[in-house]
Amino acid sequence: MIDETLLEAEDKMDKAVAVAKEDFSAIRTGRANAAMFSKVFVDYYGSPTPLQQLASFNVTEARTVLISPFDKTAMTAIEKALRDSDLGVNPANDGNVIRVVLPALTEERRRDYVKLAKTKAEDARVSIRAVRRKAKDLIDRAVKDGDAGEDEGTRAEKELDAVTKRHTDAVDQLLAAKEAELLEI
């Protein structure tokens, strides 16, 4: 019972770290990458569809991305979605591909992205602490109901704290790496 609780908590914490990593990859840095477009949805035949399902991406230069739609009729919808997104880009359509040139980041915009990254990291930490709190409640309930002994409950809590620390440290490392990437010129 207690081991299952610990394994489930660790699995959920792993997922929280994975979500934080995904969120960080979507934050734009000075270099172009396909992950920046993961949160862009295109109105494709009346339903919101992720851009990555509608096109292939080719990073030709540090700040230029070529987007090749699989369906050429969706080009205007893709262009509109890119303009409306929070990426701050102005796509150019040449009939076959959409060229997206990312403007150079200003110092102010870099600071805004760092703040956004810190917010995403704090969200991940809150999620990890919520998983810890729930697992601790389950362990306490097992000890109270007599399903586990006091010593086993104490050992499980220490193990849970170690797992929680390991995962929050992982989020902090991801944040530090993203911050360094954002602030490099």
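Residues numbered from 1 in each chain as written. Predicted model: local features only at pLDDT ≥ 70, side-chain atom pairs only at ≥ 80, totals over all residues. Heavy atoms only, no water.

Chemist: It is not clear to me how the sheet that holds strand β5 (residues 92–93) should be interpreted in this structure. Could you clarify?
Modeler: Pairing within the open sheet is antiparallel, and its 4 strands lie in the order β3-β4-β6-β5. Either end of the sheet is taken by a strand with one partner, and the two such strands are β3 (55–61) and β5. Bridge count for strand β4 (residues 64–69) against strand β6 (residues 98–101) is 4 bridges, and the pairing is antiparallel. Bridging from a neighbouring strand, T64 pairs with V101 of β6. Here helix α2 (residues 75–84) sits on the sheet and contacts β4, β5 and β6; the angle it forms with β6, its principal contact strand, is near 15°. (Pairing = 2+ DSSP bridges. Helix = DSSP H or I, 4+ residues; strand = E, 2+ residues; numbered from the N terminus. Contact = heavy atoms within 4.5 Å. Axes fitted to C-alpha atoms, helices over the stretch in contact; angles between N-to-C directions.)

Chemist: Would you explain the pattern of salt bridges in this entry?
Modeler: Any two side chains of opposite charge can pair, given that their charged atoms come close. Evaluation of the coordinates by the stated rule reveals 16 salt bridges. For R166, the salt bridge goes to E10, with nearest N and O atoms at 2.6 Å. Taken together, the positions of R166 in helix α4 (residues 150–183) and E10 in helix α1 (residues 2–26) put the pair 156 residues apart, joining distant regions of the chain. Counted as one network, the salt bridges with shared partners bring together E122, R125, R129 and D172. (Salt bridge = Lys/Arg side-chain N within 4 Å of Asp/Glu carboxyl O.)

Chemist: Honestly, helix α3 (residues 107–145) in this entry has me stumped. Any pointers?
Modeler: Each α-helix winds once per 3.6 residues, and so residues spaced three or four apart point in a common direction. If you check α3, its first and last C-alpha atoms are 57 Å apart, about what 39 residues at 1.5 Å a residue would give, namely 57 Å. Residue G146 follows α3 closely and has a positive phi angle near 90°. (Expected span 1.5 Å × (residues − 1).)

Chemist: What am I meant to see in the packing of α3 against α4 here?
Modeler: Packed helix pairs are characterised by how far apart their axes lie and by the angle those axes make with each other. Interaxial distance between α3 and α4 falls to 10 Å at its minimum, and their mutual angle equals 175°. When the interaxial angle is binned, α3 and α4 end up roughly antiparallel. A per-class count over the contact of α3 with α4 returns 15 nonpolar, 4 polar and 13 charged. (Parallel < 35°, antiparallel > 145°, perpendicular 65-115°, else oblique. Nonpolar A, V, L, I, M, F, W, Y, C, P; charged D, E, K, R; others polar.)

Chemist: It is not clear to me how the side chain of T64 should be interpreted in this structure. Could you clarify?
Modeler: Here T64 lies in strand β4. Leaving out residues up to four positions away in the same chain, T64 has contacts with A32, N58, V59, R99, V100 and V101.

Chemist: Teacher, can you tell me more about the domain arrangement of the chain here?
Modeler: For interface size, the figure often reported is the accessible area lost on association. Under the domain assignment, the chain is made up of domain 1 (1–27 + 106–183) and domain 2 (34–101). Each of domain 1 and domain 2 has a C-alpha centre, and these two points are 33 Å apart. Tallying the contact residues gives 6 residues for domain 1 and 6 residues for domain 2. Buried area between domain 1 and domain 2, both sides added, is near 390 Å², and the carbon and sulfur share of it is 40%. Put simply, domain 1 and domain 2 have 0 salt bridges between them. Linking domain 1 to domain 2 there are 0 residue pairs in polar contact (both at pLDDT 80 or more). Elements supplying a minimum of two residues to the side of domain 1 that touches domain 2: α1 and α3. With 4 residues, α1 is the single largest residue contributor to the side of domain 1 that touches domain 2. (Domains from an automatic or database assignment. Buried area = accessible area lost by both parts, 1.4 Å probe. Polar contact = N/O pair within 3.5 Å; in protein donor to acceptor, adjacent residues only side chain to side chain.)

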